[in-house]
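# Examination of the molecular architecture
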Amino acid sequence: DSIIKYGSLATKILKERPVPYLLLGSAYYRKDAAEEAVGALEKGETYAQDKGLKFEFYSLIAECYMKLKNFSQSDNYFDKAIEIDNSNTGVRNNYAYYLALRKERLKFARELSEYTVKKEPENSTFLDTYGWVLFVSGKTAKAKKYIEQALKNGGDKNSEVLAHYGDILFKLKRY
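These lines cover the structure that appears in this document, whether it is placed above or below. (Residues numbered from 1 in each chain as written. Predicted model: local features only at pLDDT ≥ 70, side-chain atom pairs only at ≥ 80, totals over all residues. Heavy atoms only, no water.)

## Quick look at the packing of aromatic side chains
Scanning all chains against the criterion turns up nine aromatic pairs. With 5.9 Å between their ring centres and 45° between their planes, Phe78 and Tyr98 make a pair best called tilted. Highlighted residues: Phe78 in helix α5 (residues 71-84) and Tyr98 in helix α6 (residues 89-102), separated in sequence by 20 residues. Neither Phe78 nor Tyr98 differs from the other in exposure class; each is buried. Ring geometry for Phe170 and Tyr175: centres 5.4 Å apart, planes at 65°, overall edge-to-face. You'll find Phe170 and Tyr175 in the same group, each marked exposed. Put simply, the rings of Phe78, Tyr95, Tyr98 and Phe108 pair up and form one aromatic cluster. Sitting above the plane of the Tyr29 ring, Lys67 keeps its charged end 4.1 Å from the centroid. The cationic tip of Arg92 hangs over the ring face of Tyr115; the distance from NZ or CZ to the ring centre is 4.1 Å. (Phe/Tyr/Trp six-rings, centres within 6.5 Å; stacked < 30°, edge-to-face > 60°. Helix = DSSP H or I, 4+ residues; strand = E, 2+ residues; numbered from the N terminus. Buried < 20%, exposed > 50% of the residue type's maximum accessible area, 1.4 Å probe, protein only. Lys NZ or Arg CZ within 6 Å of the ring centre and 35° of its normal.)

Below is the structure:
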C-alpha cells in the first residue's frame with residue numbers, strides 16, 4: 001500500500017522516469033490489481049531506454065495480461081522479454097507453463113521448458129513445468145519421469161506438483 005501511495009506520487013513528480021512506474025506496477029500486481037498494473041507498466045515502459053529495464057517491464061506486463069486472461073497480449077510481451085534475454089529461466093518457465101495450460105504452441109513450450117531443465121536440472125518447479133508440458137503434449141511416460149524428479153527435489157511439498165503427478169498416474173491407469 002505504501003508503494004502504491006508513494007509510487008503514484010513519484011510518477012507525478014518524476015513523470016519521465018521509468019523506475020517509479022515499474023515499482024508502482026509491481027505493487028499493483030502483487031495486490032491483484034492487474035489492470036492498474038498494466039496502466040502503470042505500459043506508461044513506464046515508454047520511458048525505459050535500458051534493455052534490462054525493458055525486460056523487467058515486458059516480463060511483468062506479460063504476467064499481468066496473463067492474470068487478465070488476455071493471452072495474445074501476454075504472449076506478445078513474453079516474446080519481447082525473451083527477445084531481450086533468451087536465457088532467463090524464470091520467464092521461459094512461466095511462458096512455457098502458460099502455453100501448456102492453454103494447450104497452445106506446445107512444441108515451442110517444450111523448447112522453452114527444456115532449456116530451463118538443462119540449466120537447473122534439480123529445480124522442482126522447472127522439472128514440474130517440463131513434465132506438465134510433456135504430459136499435455138501426449139508424452140505421458142516421459143512426463144512421469146520429470147514429475148518424479150520434481151518430487152525428489154522438493155516438489156513433494158507442492159500441491160500443484162502432486163496434482164500433476166496424480167493426473168499422469170491416472171492417465172497411465174496407475175490408480
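Next comes the rest of the account.
## Describing helix α10 (residues 159-171)
Helix length check: α10 (13 residues) gives 18 Å between terminal C-alpha atoms against 18 Å at 1.5 Å per residue, within 8%. Among all positions of α10, only Val161, His164, Tyr165, Ile168 and Leu169 are buried. Buried residues in α10, looked at end-on, bunch into an arc of 135°, giving them a common side. Of the residues in α10, the exposed ones pointing more than 90 degrees away from the buried face are Ser159, Phe170 and Lys171. Next to the buried residues of α10 lie α6, α8 (124-136) and α9 (140-152). Among the residues of α10, the N-terminal cap falls to Asn158, whose side-chain oxygen and the backbone nitrogen of Glu160 are separated by 2.8 Å. Lys173 lies just past α10 and shows a positive phi near 60°. (Expected span 1.5 Å × (residues − 1). Arc of directions from axis to C-beta. Contact = heavy atoms within 4.5 Å. Polar contact = N/O pair within 3.5 Å; in protein donor to acceptor, adjacent residues only side chain to side chain.)

## Quick look at helix α2 (residues 18-30)
The end-to-end C-alpha separation of α2 is 19 Å, in line with the 18 Å expected for 13 residues at 1.5 Å each. The element α2 is extensively covered by neighbouring structure, given that 10 of its 13 residues are classed as buried. If you check which residues of α2 are buried, you get Pro18, Pro20, Tyr21, Leu22, Leu24, Gly25, Ser26, Ala27, Tyr28 and Tyr29. On its buried face, α2 sits against α1 (2-13), α3 (34-45) and α4 (51-67). Asp32 lies just past α2 and shows a positive phi near 60°.

## Here we look at the environment of Asn94
Along the chain, Asn94 falls in helix α6. A relative accessible area of 27% means that Asn94 is categorised as partly exposed. Once the C-alpha coordinates of Asn94 and Tyr65 are considered, the two residues, 29 residues apart in sequence, prove to be 13 Å apart. Not counting the four nearest positions on each side in its chain, Asn94 is found in contact with Glu63 and Phe78. Among the polar contacts made by the side chain of Asn94, one reaches the side chain of Glu63 at a distance of 2.8 Å.

Any link to function would need more than the numbers given here.
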